[in-house]
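# A closer look at the structure
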Amino acid sequence: MVKKATSENINTKLSLVMRSGKAVLGYSSVLKTLRNGKAKLILISNNCPTLRKSQIEYYAMLAKVEIYLFPGNNTDLGTACGRFHRCSCLSILDAGDSDILNKE
């Protein structure tokens, strides 16, 4: 269940999630939310290391959580979240006012 999305559309939805919903940045936090069953959606940047990406995809498959492959690199994903640092993966716990969890 890996899907690709347009960068402009996903950036606006992601900024709305960061303002009104709950999201967790970082590899270890993403794995923790997947193990606890709290994750609703996972975003992975296109330059995430292969081993990390496959491990996140495996945990997501077990937890039956959707994965979006973010079209930009980790710097772009961090900027889309409104942060000034890099972020290779992101877990959305609550979408808030955004419709990012809806099927596109």
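Summarised in this report is the structure supplied together with it. Computed from a predicted model, the values in this text were never measured in an experiment.

## Let's talk about the overall build of the protein chain
- The helix and strand inventory of the protein chain stands at 4 helices and 5 strands.
- Secondary structure elements in the protein chain, listed N-terminal to C-terminal, are β-α-β-α-β-α-β-α-β.
- The principal-axis extents of the C-alpha atoms in the protein chain amount to approximately 30 × 25 × 25 Å.
- Residues counted as buried form 42% of the 104 residues belonging to the protein chain.
- Once local pairs closer than 6 in sequence are excluded, the contacts in the protein chain between residues at least 24 apart make up 81%.
- As presented, the protein chain carries roughly 6000 Å² of accessible surface, and 50% of it is formed by carbon and sulfur atoms.
- One way to put it: in the protein chain the 15 positive side-chain charges average out to a point 10 Å from where the 8 negative ones average out.

## A word on the nonpolar core
- Judged by nonpolar contacts, the single largest core of 17 residues is most densely connected at Leu 14, Leu 43, Ile 92 and Ile 100.
- For this core, the secondary structure elements donating two or more residues are helix H1 (7-20), strand E3 (41-44), helix H4 (74-80) and strand E5 (89-94).
- A per-element tally of this core places H1 first, with 4 residues.
- If you look at the next biggest cluster of nonpolar residues, it comprises 14 residues, including Val 30, Leu 34, Ile 42 and Cys 48.

## Examining the packing of helix H2 (residues 27-36) against helix H3 (residues 50-63)
- Orientation of H2 relative to H3, taken along the N-to-C sense of each, is 15°, at an axis distance of 9 Å. With respect to H3, the element H2 is oriented roughly parallel. Note on packing geometry: the crossing formed by H2 with H3 is left-handed. Counting all contacts with H2, which are made through Tyr 27, Val 30, Leu 31, Leu 34 and Arg 35, the residues of H3 involved are Arg 52, Gln 55, Ile 56, Tyr 59, Ala 60 and Ala 63.
- Looking at the contact of H2 with H3, its residues break down into 8 nonpolar, 1 polar and 2 charged.

## A short note on the packing of aromatic side chains
- For the structure on display, the rule yields 1 aromatic pair.
- Note on Tyr 58 and Tyr 59: the rings are 6.3 Å apart at their centroids and 75° apart in plane angle, and the pair reads as edge-to-face.
- Classification of Tyr 58 as partly exposed rests on a relative accessible area of 47%.

## Details of the side chain of Asn 74
- Considering the arrangement of structural elements, one finds Asn 74 in helix H4.
- In this structure Asn 74 touches Ser 45, Asn 47, Arg 86, Cys 87 and Ser 88, once residues within four positions along its chain are discounted.

## Points about H2
- Residues Tyr 27, Val 30, Leu 31, Thr 33 and Leu 34 constitute the buried set of H2. All buried residues of H2 fall inside an arc of 165° around its axis, so they share one side. The exposed residues of H2 that point more than 90 degrees off its buried face are Arg 35 and Asn 36.
- For H2, the secondary structure elements touched by its buried residues are strand E2 (22-25), E3, H3 and E5.
- Looking one or two residues past H2, Gly 37 carries a phi angle of roughly 80°, positive in sign.

About the thresholds
Residues numbered from 1 in each chain as written. Predicted model: local features only at pLDDT ≥ 70, side-chain atom pairs only at ≥ 80, totals over all residues. Heavy atoms only, no water. Helix = DSSP H or I, 4+ residues; strand = E, 2+ residues; numbered from the N terminus. Buried < 20%, exposed > 50% of the residue type's maximum accessible area, 1.4 Å probe, protein only. Contact = heavy atoms within 4.5 Å. Areas by Shrake-Rupley, 256 points an atom, 1.4 Å probe, with all protein chains shown as cover. Lys, Arg positive; Asp, Glu negative; His and termini not counted. Charge placed at Lys NZ, Arg CZ, Asp CG, Glu CD. Core = buried A, V, L, I, M, F, W, Y, C linked by side-chain atoms within 4.5 Å. Axes fitted to C-alpha atoms, helices over the stretch in contact; angles between N-to-C directions. Parallel < 35°, antiparallel > 145°, perpendicular 65-115°, else oblique. Left-handed = near helix turned anticlockwise from the far one by under 90°. Nonpolar A, V, L, I, M, F, W, Y, C, P; charged D, E, K, R; others polar. Phe/Tyr/Trp six-rings, centres within 6.5 Å; stacked < 30°, edge-to-face > 60°. Arc of directions from axis to C-beta.

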